[in-house]
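Fold and geometry: a report
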Amino acid sequence: MTTRWRTTTSDCNKNSEITLLPDTVSGFRRILMLTLLFAVVVLPCLALYNATYPSRFLQGSPQNSLGNPSLVSDSEEVKLERVLKAASMKDKTVIITTLNEAWAAPNSIFDLFLESFRIGENTKGLLNHVVIIALDQKAYKRCLEVHPHCYALTVEGVDFSVEAYFMSKEYLKMMWSRIDILRVVLELGYNFLFTDADIMWFRDPFKRFYEDTDFQIACDNYALNDSYDLNNMPNGGFTYVKSNARSIQFYKFWFTSRNKYKNKHDQSVLILIKHDLFLKNIGLKIRFLNTLYFGGFCEPSKDFNQVSTMHANCCFGLDTKIHDINIMLDDWRNYTSSSPSLKSSWSSRWSVPQNCSIQNFDRDYKPKRLAQEGKKD
């Protein structure tokens, strides 16, 4: 006996018959049962896994999970990973900073940044793990002249070469480009310590980081004296992030939140989203870094014997930064050239900020070159 199944072909609207032998019928039933079993058992498990580890299905994709195109194409991602691999520590950790032409020029911020590694305590070797992400071709060319690990990031239609003054259109694009490229680094499986180039490195900061933390970040002020307190005021210029599903989802959420909070830079948006339930739901572990070890012009470290880094924050204008950073480096040289006994009882304070001051913030500030061009017109 045979069994006949009638099907309809949708393209030509004609009936056709398929003749199935008895063994084929049994086979068909087995396939049908397996299909039902897959739908009832396996698919829900996959859905649960995807909810718990959503980025596992997204890594390596040029699109982030929230529908925003990546700045880095597949071919550029290969180039980036090559640079990261060359600079990586054994645990796949890299130190990353970004530079444009204005900061990379000779005798500008980049040179001071490199100098701090050379005169810091046990920091010179860390330069081997620093990756410079150049935001324009001149910055990339200068990087290649003085440093082995350089990557050129280009954003179509954006000129990052001039000094991007605070909260300008170029400044905002630069900050958000930085967040997106760091997300790509995490998706490639690398942990990173991101540092602004106007942060001077005086000691190995890795010894001061917390264990079992996904995302740890410096503060402008550490008045709360509690590394877990989300009410701390973060500074996005110095972050240590471990690559995992939680941190990747967090960076995607952070980047996408710029659409909700228009005309705000990454740090301001972070302050707005740090209490968001999304971060709690993905289980992100956040801690804030003490200014005793990671100080800045906003709140200088109070102890030369414990400081790891100092940030030229609360400061506006390239020339102003360079002036005060040079003074800060001189302060450090005076400390390191002293005898061990004098160091142990060191009571001197930083001589900065001087020209750098939050009170001197000029919302209409423009770089010298732009101001001169304006006069010519």
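Above: the structure in question.
Quick caveat, the model's predicted, so the values are computed rather than measured.

As for the pairing of strand E9 (residues 233-241)
- With eight of its nine residues buried, E9 lies for the most part within the structure.
- Bridge count between strand E6 (residues 191-195) and E9: four bridges; the pairing is antiparallel. Opposite Phe192, over in E9, you have Val241 as the bridge partner.
- Pairing of strand E8 (residues 215-221) with E9 involves six bridges; the strand directions are antiparallel. Residue pairing for E9: Gln216 is matched across the bridge by Tyr240.

Considerations on the sheet that holds strand E12 (residues 309-311)
- If you walk across this open sheet you meet the three strands as E7-E12-E11, and the pairing is mixed. For this open sheet the edge positions go to strand E7 (199-201) and strand E11 (294-296), each flanked by a neighbour on one side alone. The sheet shows a mean angle of 25 degrees between the axes of neighbouring strands, taken without regard to direction.
- Strand direction decides the pairing type here: E11 and E12, joined by three bridges, are parallel. Following the sheet pairing, Phe294 is matched in E12 by Thr309.

Section: the packing of helix H4 (residues 109-119) against helix H10 (residues 318-336)
- At their nearest, the axes of H4 and H10 sit 10 Å apart, and the two run at 10 degrees to each other. The orientation of H4 with respect to H10, classified from their angle, is roughly parallel. The two elements H4 and H10 meet at a crossing, and its hand is left-handed. Facing H4, whose interface residues are Ile109, Leu112, Glu115, Ser116 and Ile119, H10 presents Leu318, Lys321, Ile322, Ile325, Asn326, Leu329, Trp332, Arg333 and Thr336.
- For the contact of H4 with H10, a count of residues per class yields eight nonpolar, three polar and three charged.

Concerning the state of the cysteines
- On inspection of all chains with the given rule, the structure shows three disulfides.
- Through a disulfide, Cys298 is tied to Cys314; the S-S separation comes to 1.9 Å. Between Cys298 and Cys314, the disulfide has an S-S torsion of 100 degrees and is therefore right-handed. You can see Cys298 sitting in the loop between E11 and E12 and its partner Cys314 sitting in the loop between E12 and H10, a full 16 residues away along the chain.
- Here Cys315 connects covalently by a disulfide to Cys356, the sulfurs 1.9 Å from one another. Every disulfide takes its handedness from the sign of the S-S torsion; for Cys315 and Cys356 that torsion is -50 degrees, giving left-handed. With Cys315 in the loop between E12 and H10 and Cys356 in the loop between helix H11 (340-344) and helix H12 (368-376), the pair connects residues that are 41 residues apart, well separated along the chain.

Some words on the pairing of strand E4 (residues 130-134)
- For E4, the buried fraction is high: five of the five residues fall into the buried class.
- What you see with E4 is no split at all: Val130, Ile132 and Ala134 on one side and Val131 and Ile133 on the other are buried throughout.
- Bridge count between strand E3 (residues 93-99) and E4: five bridges; the pairing is parallel. Paired with Thr97 across the bridge in E4 is Ile132.
- Where E4 lies against strand E5 (residues 150-152), three bridges are found, and the strand directions are parallel.

Observations concerning the pattern of salt bridges
- Overall, the coordinates contain 15 salt bridges when judged by the stated rule.
- Between Asp196 and Arg178 there is a salt bridge, with its nearest N and O atoms 2.8 Å apart. Linking Asp196 in the loop between E6 and E7 with Arg178 in helix H6 (residues 169-187), this pair joins segments that are 18 residues apart in sequence.
- Given a relative accessible area of 6%, Arg178 falls into the buried group.
- The partner of Arg183 in a salt bridge is Asp180, with the nearest N and O atoms 2.9 Å apart. Taken together, the residues span about one helical turn, with Arg183 and Asp180 both in helix H6 at a distance of three residues. By the burial criterion, Arg183 is buried, and Asp180 matches it.

About the criteria used
- Residues numbered from 1 in each chain as written.
- Predicted model: local features only at pLDDT ≥ 70, side-chain atom pairs only at ≥ 80, totals over all residues.
- Heavy atoms only, no water.
- Buried < 20%, exposed > 50% of the residue type's maximum accessible area, 1.4 Å probe, protein only.
- Helix = DSSP H or I, 4+ residues; strand = E, 2+ residues; numbered from the N terminus.
- Pairing = 2+ DSSP bridges.
- Axes fitted to C-alpha atoms, helices over the stretch in contact; angles between N-to-C directions.
- Parallel < 35°, antiparallel > 145°, perpendicular 65-115°, else oblique.
- Left-handed = near helix turned anticlockwise from the far one by under 90°.
- Contact = heavy atoms within 4.5 Å.
- Nonpolar A, V, L, I, M, F, W, Y, C, P; charged D, E, K, R; others polar.
- Disulfide = S-S within 2.5 Å.
- Salt bridge = Lys/Arg side-chain N within 4 Å of Asp/Glu carboxyl O.

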